[in-house]
Each structure stands twice: as structure tokens, then as C-alpha cells.
Amino acid sequence: MLIDIIAGARPNFMKVAPIIKALQAREAEGGPLRYRLVHTGQHYDPRLSGAFFEQLGIPTPDVNLEVGSGTQAEQTAAIMTRYERRLLEAPSRLCLVVGDVTSTMACAIAAQKLCIPVAHVEGGIRSGDWRMPEEINRMVTDSITNWFFTTSEFANDSLRKAGVEEERIFFVGNTMIDTLLANLARLRPPAFWDELGLQAGGYFVMTLHRPANVDKPESLHVMLDAIARGTRGLPVLFPVHPRTAKVIAETLGKEVGSHFPNILLVDPQPYLEFNYLVKHAKAVITDSGGITEETTVMGVPCLTLRDTTERPETVTEGTNALVGADPSALGPVLDSLFAGHWGEGKVPALWDGQTGNRIVAALEKLLAH
């Protein structure tokens, strides 16, 4: 029985790796499932995709749709058209999508229109913020999903409230954490670690990529200023997303140092190097969602520059604080961090490294019928 596994952007690669490993292990034991890895090419920069396949042991994709860049609508249309063509040539029994990127939604739509069922890993996650493209992707995908593999009771509850039957919800845990736990011992410092004189606990890691935070130069400048002042001169390592780098280059020039001396722009980092930086940071400042899960498991304080989160368990149980999008709110939270007022947090249920195995076991039973 052939299933398609869809990967289109950096977060997807970390989420599919444990599922692929579990499928390979079951195949060696005589299991019935086979997979076809479909890379949509939504992220085509090798710094954001190629290195992740290599480091995480993900095999070369069986299909690469090579969609590349474009607007939300352009990417959606291209992915749907090219994936539909592949399904017409060689249909699968199931389309397995992960996360909440454009590829997730587009491939789910294309599959369902050809009467191929869809399973959604990380189904049920909601922020309630319709301004986020990812929230639209989640809602559309879940509205046409057959089976949901969820990361938390918050996700389970959102699906139940939407009328999803209990037998279609599978609380399995978090594949992102499977990948993290499998690679903790392999994390390694980036090449610039010694050059910058970095020490554990003596720097911050920052990621910004949400359009609301980075697409308006004046807003980005105010946010960077608040971060530079609030971090009290400690280095702030900023692996720059290509879109953010473009805005910075257009508004502040290629060098940020003269404006914000302690903010250090670095290239996007491969998985092992990036998580080494996170693990040893004093804290992480981010507008991402996935990083809040990793910091929770590693026990690293995390400050999320958003008004909402689709991963509330990282706040109620983990080490994440929802600071908000107003830069003026950042200073007091950083003051609290420097004063040592930060809870230790705990790891949410089933974030134990076995999620990929649970997903494959469930798929075998579902597809057997």
C-alpha cells in the first residue's frame, strides 16, 4: 500500500523524518506500507532544505515538484497542478501532510478531489488569528482531512468543537520532538562559535519571519531596537530568513552593526547547528511556532513576539512566554528573565520520541480496512 508523504518547507523536513524511519523499520519487519516522498520545492534554497535532508537522514525525494517562489496563490496553484498530475499518473492510497505550510493545504486539496484520503500530522492546531497564512492553511486542510494525528489535548479539543468524530482523532505526540530527541547527542556548534567567542548561556538566539514583524521596515526597525536594548549588550544571533534579509538590506544596509551593535546577522543554519545554538542560549526570541516546542523540551526560556499562539501547551506547561507583538512589552519580560524569574516548565504528554511509530501503527490499521 503506497502512501504519499508531503514535504515542502523546512519545518516539514523535521516532521516527516521520524515517520519515514518508522515506515522503513516496519518494511524491514514485513509491514504492508510503502511510501513516496514528495518534495514540493516550496523552499528551494539549499540552506533551508538540502542540508536538512542530509543531516536528518531523509532519503532523496521520489518526486520533486520544483515549485519555487511566488505569491501564496501562485504557489498553491502550482503545487496543486503538479501534484494532481503525479496522482493521475500514479495514484497513492493516502496523502499524508504535515504542519501548516502552503504545500500542506495544496496537496490535501488535490488528493481529496481525486478521492484519495488525507491524514494530517499536527491536525487541530489553531491560533485563532486569520491574519496568519498558516492559520488559513490549517483550517482548510482540517476541513477536508479524514484522519488527524495530534500533538496535544488543545488540538484534540479544537477538533471536537469543530464536530470531528472521536474515532478520527489520534493523539500521538509530536514528530518534531522525535527528531530533536534522536539528534540531541549529534548537535554541534556552527563554524562561527569560536570566532564570535560564544559561551553557553551568554547569548540569545532570535528568529523573525512573520510578515507582520518583518515586511514593514519601520516596524522591523522598532522591534530590533527593543531587542537590542532589552538584551543588555549580550550577543543576539539572528539567522536571517531570505525575506527578512531583503528588508534589512533595503532599509538598514547590509550591516546592522552600526544601528544595533549586539545583533549579529548569520546565515540560516542547518538543523544540528541551529539547535546547538538554541540548546546553549540564555533564551530564544522568536515569532515562530515550532521553535517554542523545541525550547520547551530543552528547557530553554523562549519569548514569542506574537499576540497568539497555536501551541498553547508551550506556555501553560513549557518554557514559552507569549510577549505580544508590541515591542514595548519586550523590555519587562527580558528584565524578568535577567532577574532569574522564569519557570522550568515540563514536557507535554507523549512528547517522548515515539510519535512516528504511533502514526505508522495507526496507518497500518486504518488502511487495512
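To keep things clear, this report deals only with the structure shown in the data block. (Residues numbered from 1 in each chain as written. Predicted model: local features only at pLDDT ≥ 70, side-chain atom pairs only at ≥ 80, totals over all residues. Heavy atoms only, no water.)

1. Describing the overall build of the protein chain
Along the backbone of the protein chain there are 16 helices and 13 strands. For 369 residues, the compact-globule formula gives about 21 Å, and the C-alpha radius of gyration of the protein chain, at 20 Å, lands near that figure. Dimensions of the protein chain, computed from the C-alpha atoms along their principal axes, are close to 60 × 40 × 40 Å. Out of the 369 residues in the protein chain, the part that is buried amounts to 55%. Considering only contacts within the protein chain whose residues lie at least 6 apart along the sequence, 70% involve residues at least 24 apart. For the protein chain, the exposed area adds up to about 15000 Å²; of that, 53% sits on carbon and sulfur atoms. (Helix = DSSP H or I, 4+ residues; strand = E, 2+ residues; numbered from the N terminus. Rg over C-alpha atoms; globule rule 2.2 N^0.38 Å. Buried < 20%, exposed > 50% of the residue type's maximum accessible area, 1.4 Å probe, protein only. Contact = heavy atoms within 4.5 Å. Areas by Shrake-Rupley, 256 points an atom, 1.4 Å probe, with all protein chains shown as cover.)

2. Considering the pairing of strand S9 (residues 236–239)
Every other side chain in a regular strand lies on the same face of the sheet, so the side chains alternate between the two faces. Burial of S9 is two-sided: the residues Val236 and Phe238 facing one way and the residues Leu237 and Pro239 facing the other way are all buried. Two elements, strand S8 (residues 204–207) and S9, share two bridges in a ladder whose sense is parallel. Residue pairing across strands places Phe204 opposite Val236, the latter belonging to S9. By the bridge criterion, four bridges tie S9 to strand S10 (residues 263–266) in an arrangement that is parallel. Bridge pairing links Pro239 to Val266 in S10. (Pairing = 2+ DSSP bridges.)

3. A word on the packing of aromatic side chains
Think of a pair of aromatic rings as described by two things: how far the centres are apart, and how the planes are tilted against each other in angle. Per the stated rule, a full pass over the model turns up five aromatic pairs. Residues Phe149 and Phe170 carry aromatic rings whose centres are separated by 5.5 Å and whose planes lie at 40° to one another, so their mutual orientation is tilted. Here the residue Phe149 occupies a position in strand S6 (residues 147–150), and Phe170 occupies one in strand S7 (residues 169–171), the gap between them amounting to 21 residues. Taking the relative accessible area as the measure of exposure, Phe149 reaches 1% and is therefore buried. When the centroid spacing of 5.6 Å and the interplanar angle of 85° are considered together, the rings of Trp193 and Tyr203 count as edge-to-face. With a gap of 10 residues between them, Trp193 in helix H8 (residues 192–195) and Tyr203 in the loop between H8 and S8 connect regions that are remote in the sequence. Residue Trp193 is classed as buried on the basis of its relative accessible area of 11%. Relative accessible area serves as the criterion here: at 0%, Tyr203 is assigned to the buried category. Through a chain of ring-to-ring contacts, the aromatic side chains of Trp193, Tyr203 and Tyr276 assemble into a single cluster. When the ring centre of Phe274 is taken as reference, the NZ or CZ atom of Arg10 above it lies at 5.0 Å. (Phe/Tyr/Trp six-rings, centres within 6.5 Å; stacked < 30°, edge-to-face > 60°. Lys NZ or Arg CZ within 6 Å of the ring centre and 35° of its normal.)

4. Topic: the sheet that holds strand S13 (residues 320–322)
If you trace the six strands from one edge of the open sheet to the other, you get S10-S9-S8-S11-S12-S13, paired in parallel fashion. In this open sheet, the two strands that pair with only one neighbour each are S10 and S13. Between one strand axis and the next, the sheet turns by 25° as a mean value, whatever way the strands run. As judged from the three bridges shared by strand S12 (residues 302–304) and S13, these two strands associate in the parallel manner. Following the sheet pairing, Thr304 is matched in S13 by Leu322. On the sheet, helix H10 (residues 217–230) packs against S8, S9, S10 and strand S11 (283–286) and is oriented at approximately 120° with respect to S10. (Axes fitted to C-alpha atoms, helices over the stretch in contact; angles between N-to-C directions.)

5. Things to note about the packing of helix H1 (residues 10–28) against helix H16 (residues 355–368)
For the pair H1 and H16, interaxial distance at closest approach is 8 Å and the crossing angle is 60°. Between H1 and H16, the crossing angle belongs to the class labelled oblique. As H1 runs across H16, the sense of the crossing is right-handed. Between H1 and H16, the contacting residues are Pro18, Ile19, Ala22, Leu23 and Arg26 on the first element and Gly356, Asn357, Ile359, Val360 and Glu364 on the second. Considered class by class, the residues forming the contact of H1 with H16 number six nonpolar, two polar and two charged. (Parallel < 35°, antiparallel > 145°, perpendicular 65-115°, else oblique. Left-handed = near helix turned anticlockwise from the far one by under 90°. Nonpolar A, V, L, I, M, F, W, Y, C, P; charged D, E, K, R; others polar.)

6. Brief notes about unusual backbone geometry
One non-glycine residue, Glu122, lies in positive phi territory at about 80°. For Glu122, a relative accessible area of 4% puts it in the buried group. Residue Arg232 is not a glycine yet carries a positive backbone phi of 55°. Within the element layout of this structure, Arg232 appears in the loop between H10 and S9.

7. A few points about the environment of Gln354
Relative to the helices and strands, Gln354 is located in the loop between helix H15 (330–338) and H16. The exposure class assigned to Gln354 is partly exposed, which follows from its relative accessible area of 37%. Side-chain polar atoms of Gln354 contact the side chain of Asn357, separated by 2.8 Å. (Polar contact = N/O pair within 3.5 Å; in protein donor to acceptor, adjacent residues only side chain to side chain.)

Fair warning: the whole summary comes from geometry, so function is off the table for now.
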